[in-house]
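# Structural overview
Each chain, written out:
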Amino acid sequence: MSANEPTKPTPPIPGPPAVPMPRKAPTPAAATAPVAPVPAASSTSAEWGRVSEDGTVEVKEGDAWRVVGQYPDGTSEEALAYFVRKFDDIAFKVHALEQRQQAGGASASDLAKQAGHLIEEATDAAAVGDLAGLRDRLNTLTSSLSEATEQEAQQAKELVDQAIAERTALVERAEAIAARDLSKVQWKQVTAELGELFDAWQAQQQNGPRLSKGISQQLWKRFRDARAIVDKQRRAFYSELDDAHKAARDAKSRLVERAEALAPRGIDGIPAYRNLLDEWKASGRAGRKADDALWARFKAAGDALYAARAEQAAAEEADSAPKIEARQALLEEAKAVADESNIKRARALLTHIQRQWDEIGRIFPREKERALDDKLRAIEQGVKGREDVDWKKNNPETKARANDMSSQLLEAIEKLEAEVAAAEKTGDKKAAKEAADALEARRAWLNALGG
């Protein structure tokens, strides 16, 4: 430091805790020295303080003066202004707190806590100003906040009770899931449902009111235990499913190899491939990706066999074209069978056509062969029906029975005619009518027999 540089004042020394202290009696030499006047400060709070000659600063609280500190290296005005600024800082905080209370929206309990802190700060503060007035304002503010604080406490309790109820509901839903028969559930659905419950739990924990540690831990333990039960069963399920998939995958891999080995057999391998297909259906699931890949190979092996059959069928169908035309020509010729009135000649013509039909041989595809056979069969049924009717009509036994019946009817008719004549002769109308009715019935039977 240069010799020309002015010496800076020593910072003020804060006073001891606020205890009203009487001023010392001045010595005779100093009795006539006047007390330093209170300097003008940046605030009217300077009216509440004074500075002694040794730089000791005091504040007036009620009727007593309290030492708040010392400012030995500055002027009295500077010393007083320093402690006035300390008061102004506290007063500003009190004013800001009052403004927040009037504006609303802030927590009454938080405001009350801040007011309490400011009361402590304004008590025995190392500041110069109306500290008692600040404390009165803070006490008034605290009183006005007490009712709101109680309401907030009640609302907070209600919110906590509601949060407990909501979390308890989540716990009970999780426990209900854990209590199900988990061997029969859809795990995708259960996992999603439990995930939604966990998300709801986290949302309440982050955004809801804070619960007591005991209740929070108790509810979380129940929720965690329920999740653990479900997770254990799910892991066991998927472990078993993995084992089942592996077994099915191995079995289907072997079936694919066997199916691919049938390729050289061509059409003759189709029955064996169908047996393999039955084994495939009974082998279970191997997982979507594995199933799709293995099935593609298995199906390709089968497609090769059926393609060979399709080629053979196409060749057989080409060979069958002349046979189809020949049978269609025979069907045209067979139309004459129905037009032939003589049954024996109709049967002979049909027999001739049937021999030619069989000589033509098999036709492919089978559907066309069946369609042609059905048309010829209809003609055969027509001839057979005509033969049945003719047989019934010309059967010797039937004729003998008919002749015997006719003889009996003729005898009855002769007898009834005699009865009618006798009744008419004697004038017995009743007997004549009965005999005439019986006679008419017998004649009708005779006509039906062709007599």
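Scroll up to find the structure this text is about.
Notes on the structure in this doc start here. (Residues numbered from 1 in each chain as written. Predicted model: local features only at pLDDT ≥ 70, side-chain atom pairs only at ≥ 80, totals over all residues. Heavy atoms only, no water.)

This paragraph deals with the overall build of the protein chain. Within the protein chain, the regular secondary structure consists of 12 helices and 4 strands. By residue count, 28% of the 451 residues in the protein chain fall in the buried class. Across the protein chain, the fraction of contacts at a sequence separation of at least 24, relative to all contacts at a separation of at least 6, is 69%. Taken as a whole, the protein chain presents about 29200 Å² of accessible surface, with 53% of it coming from carbon and sulfur. (Helix = DSSP H or I, 4+ residues; strand = E, 2+ residues; numbered from the N terminus. Buried < 20%, exposed > 50% of the residue type's maximum accessible area, 1.4 Å probe, protein only. Contact = heavy atoms within 4.5 Å. Areas by Shrake-Rupley, 256 points an atom, 1.4 Å probe, with all protein chains shown as cover.)

Of note, the bond from Phe-364 into Pro-365 is cis; its omega dihedral lies within 30 degrees of zero at 0°. One can find Pro-365 in the loop between α9 (343-360) and α10 (366-394). One non-glycine residue, Asp-124, lies in positive phi territory at about 60°.

In this structure the tally under the stated criterion is 14 aromatic pairs. Plain terms: the ring middles of Trp-201 and Trp-220 are 5.6 Å apart, the flat faces sit at 45° to each other, and that makes the pair tilted. Highlighted residues: Trp-201 in helix α5 (residues 187-207) and Trp-220 in helix α6 (residues 213-260), separated in sequence by 19 residues. Owing to a relative accessible area of 27%, Trp-220 belongs among the partly exposed residues under this scheme. Every member of this aromatic cluster is reached through a ring pair, and the members are Tyr-273, Trp-280, Trp-295, Phe-298 and Tyr-306. A cation sits over an aromatic face here: Arg-50 above Trp-65, 4.1 Å from the ring centre. The ring of Phe-198 carries the charged tip of Arg-227 above its face, separated from the ring centre by 4.2 Å. (Phe/Tyr/Trp six-rings, centres within 6.5 Å; stacked < 30°, edge-to-face > 60°. Lys NZ or Arg CZ within 6 Å of the ring centre and 35° of its normal.)

Relative to the elements of secondary structure, Asp-319 occurs in helix α8 (residues 288-339). Along the backbone, Asp-319 and Ile-363 are 44 residues apart, and their C-alpha atoms lie at a distance of 8.4 Å.

With that settled, consider α9. For α9, with 18 residues, the first-to-last C-alpha span of 26 Å sits near the 26 Å given by 1.5 Å per residue. Those residues of α9 not exposed but buried are Ala-346, Leu-350, Ile-353, Trp-357 and Ile-360. What you see down the axis of α9 is that its buried residues fit within an arc of 65°, all on one side. In α9, the exposed positions that point more than 90 degrees away from the buried face belong to Lys-344, Arg-345, Arg-355, Asp-358 and Glu-359. (Expected span 1.5 Å × (residues − 1). Arc of directions from axis to C-beta.)

A word on the nonpolar core. If you look at soluble globular proteins, the nonpolar side chains tend to sit buried side by side. Counting residues in hydrophobic clusters, the biggest one holds 27 residues, and the most contacted among them are Val-57, Leu-97, Val-128 and Leu-134. Those elements that place two or more of their residues in this core are β3 (56-61), α2 (76-103), α3 (108-122) and α4 (131-178). Apart from residues lying up to four places away in sequence, Val-57 is in contact with Arg-50, Val-51, Arg-66, Val-67, Val-68, Gly-69, Gln-70, Ala-79, Leu-80, Phe-83 and Val-128. Counting residues in each nonpolar core, the second largest holds 18 residues, with Ala-174, Ile-177, Leu-182 and Leu-194 among its members. (Core = buried A, V, L, I, M, F, W, Y, C linked by side-chain atoms within 4.5 Å.)

Its 13 residues give helix α7 (residues 270-282) an end-to-end C-alpha distance of 19 Å, which sits within 8% of 18 Å, the value for a rise of 1.5 Å per residue. The inward-facing, buried residues of α7 abut α6 and α8. Gly-284 sits one or two residues past α7 and shows a positive phi near 85°.

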